[in-house]
Amino acid sequence: MNTDHAQDAFRALLHTQPVWDTELPAFDPDTAPDDPLTLFHEWFGEAVAAGQPEPHTMTLATADGEGRPDVRTLILHDADRRGWHFASHSTSRKGRQLAVRPEAALGFYWPVQGRAVRLRGRVVAASPEESLADLHAHSTGALASALVGRQSEALGSAGELARASEAAWERAGREPFAEVASWTVYVLVPGEVEFFQGDARRRHVRLRYSRGGDGGAGGDGDGDAGVSWGRELLWP
């Protein structure tokens, strides 16, 4: 197949893909709670109940010191009054970028219900103690992956990875409480949170929460205490 035919075949395939080939739930923004965390917890539970695969996966966008963007998919570790939690090595590309530009955006997409959630705000690193507890709260495989380390570095060969992984799995089984100094929990403290509900007639509902007064978000206590949230609808 020549290049033109391959391009035409790709476009034909692309343009025939269905969008939300299912019955979508209704969302009345007038009934939404006063804060975005409560609504996120509700929507997350509904996504799980609807059978959405891996609803805890999300897209994280960061930028380097020159403003060049990066994006990747990772796992949500928690969402509480402090913010939305994720974890990585501080030595990884995302960790280095957050060290020089501690701001990020998160995106969740739950197509089973035609829903998406977007957040952006500043990012703070949790304490070493909290990061270590997070590391040990997950599976042996997660610990083994963290023990391999060297995330985002150039890899010489698949064999090199296999040997390092095998050694890490062996150590994770032998030392279930092994420490990984670079493992860091990050907390995104949102300034904005947008909830998107798709509509078959393209009358999508977009509800944006914007942070007002802040009683010290991002600390070790109840970071959302004293926070007021403004709400507004956006054109789809």
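Residues numbered from 1 in each chain as written. Predicted model: local features only at pLDDT ≥ 70, side-chain atom pairs only at ≥ 80, totals over all residues. Heavy atoms only, no water.

Draft legend 1. Fine view of unusual backbone geometry. One non-glycine residue with positive phi stands out, namely Glu54, at about 45°. Checked against the element boundaries, Glu54 lands in the loop between α2 (36-49) and β1 (57-63). Residues other than glycine seldom take positive phi values, yet Arg202 does so here, at roughly 65°. Structurally, Arg202 can be placed in the loop between β7 (183-197) and β8 (205-211). (Helix = DSSP H or I, 4+ residues; strand = E, 2+ residues; numbered from the N terminus.)

Draft legend 2. Quick look at the environment of Ala125. With respect to the secondary-structure elements, Ala125 resides in strand β6 (residues 115-125). Looking at Ala125, the relative accessible area reads 53%, which means it is exposed. Separated by 30 residues in sequence, Ala125 and Gly95 have C-alpha atoms that sit 9.8 Å apart. When sequence neighbours within four positions are dropped, the list of residues in contact with Ala125 reads Thr184, Val185 and Tyr186. (Buried < 20%, exposed > 50% of the residue type's maximum accessible area, 1.4 Å probe, protein only. Contact = heavy atoms within 4.5 Å.)

Draft legend 3. Structural detail: the environment of Gln197. Within the secondary structure, Gln197 is located in strand β7. Residues contacting Gln197, with those up to four places away along its chain left out, are Leu24, Pro25, Phe27, Trp43, Gln113, Gly114, Arg115, His204 and Val205. A polar side-chain atom of Gln197 sits 3.0 Å from the main-chain carbonyl oxygen of Gln113. A polar contact of 2.6 Å, which involves the side chain of Gln197, links it to the side chain of Arg115. (Polar contact = N/O pair within 3.5 Å; in protein donor to acceptor, adjacent residues only side chain to side chain.)

Draft legend 4. Main features of the pairing of strand β5 (residues 103-110). Of the two faces of β5, the one holding Ala104, Leu106, Phe108 and Trp110 is buried and the one holding Glu103, Ala105, Gly107 and Tyr109 is not buried anywhere. Here β1 pairs with β5 via 3 bridges, running antiparallel. Bridge pairing in β5 places Ala61 opposite Ala105. Sheet topology places β5 next to β6; 8 bridges connect them, and they run antiparallel. If you follow Ala105 over to β6, its bridge partner there is Arg120. Turn length for the β5-β6 hairpin, with the two strands adjacent in sequence and antiparallel, is 4 residues, and the turn residue Gly114 shows positive phi of about 65°. (Pairing = 2+ DSSP bridges.)

Draft legend 5. Broad picture of the pattern of salt bridges. Within the structure shown, the criterion is met by 11 salt bridges. The salt bridge involving Glu194 is made with Arg118; its shortest N-O contact spans 2.8 Å. With Glu194 in strand β7 and Arg118 in strand β6, the pair connects residues that are 76 residues apart, well separated along the chain. For Glu194, a relative accessible area of 6% puts it in the buried group. (Salt bridge = Lys/Arg side-chain N within 4 Å of Asp/Glu carboxyl O.)

Draft legend 6. Structural detail: the packing of helix α5 (residues 140-148) against helix α6 (residues 158-174). The interhelical angle for the contact between α5 and α6, taken along N-to-C directions, is 125°, at an axis separation of 8 Å. One element, α5, and the other, α6, form an angle in the oblique class. In this structure, α5 crosses over α6, and the sense of that crossing is right-handed. Residues Thr140, Gly141, Leu143, Ala144, Leu147 and Val148 of α5 form the contact with α6, whose own contacting residues are Leu161, Ala164, Ser165, Ala168, Trp169, Arg171, Ala172 and Gly173. Grouping the amino acids of the contact of α5 with α6 by side-chain chemistry returns 9 nonpolar, 4 polar and 1 charged. (Axes fitted to C-alpha atoms, helices over the stretch in contact; angles between N-to-C directions. Parallel < 35°, antiparallel > 145°, perpendicular 65-115°, else oblique. Left-handed = near helix turned anticlockwise from the far one by under 90°. Nonpolar A, V, L, I, M, F, W, Y, C, P; charged D, E, K, R; others polar.)

Draft legend 7. Representation of the environment of Ala26 in the model. As for its placement among the helices and strands, Ala26 is situated in the loop between α1 (3-15) and α2. Separated by 18 residues in the primary sequence, Ala26 and Asp8 have C-alpha atoms spaced 37 Å apart.

Draft legend 8. The nonpolar core, seen in detail. Of all hydrophobic cores here, the largest spans 31 residues; its most connected members are Phe40, Trp84, Phe108 and Val117. Elements with a minimum of two residues in this core: α2, β1, β4 (83-89), β5, β6, β7 and β8. Counting residues per element, this core draws most heavily on α2, which supplies 5 residues. Once residues within four sequence positions are removed from consideration, Trp84 is found in contact with Leu37, Phe40, Leu76, Asp78, Ala79, Leu106, Phe108, Leu119, Tyr186, Val187, Leu188 and Pro190. Core analysis: the next-biggest nonpolar cluster, separate from the first, contains 13 residues, Ala126, Leu143, Leu147 and Trp183 among them. (Core = buried A, V, L, I, M, F, W, Y, C linked by side-chain atoms within 4.5 Å.)

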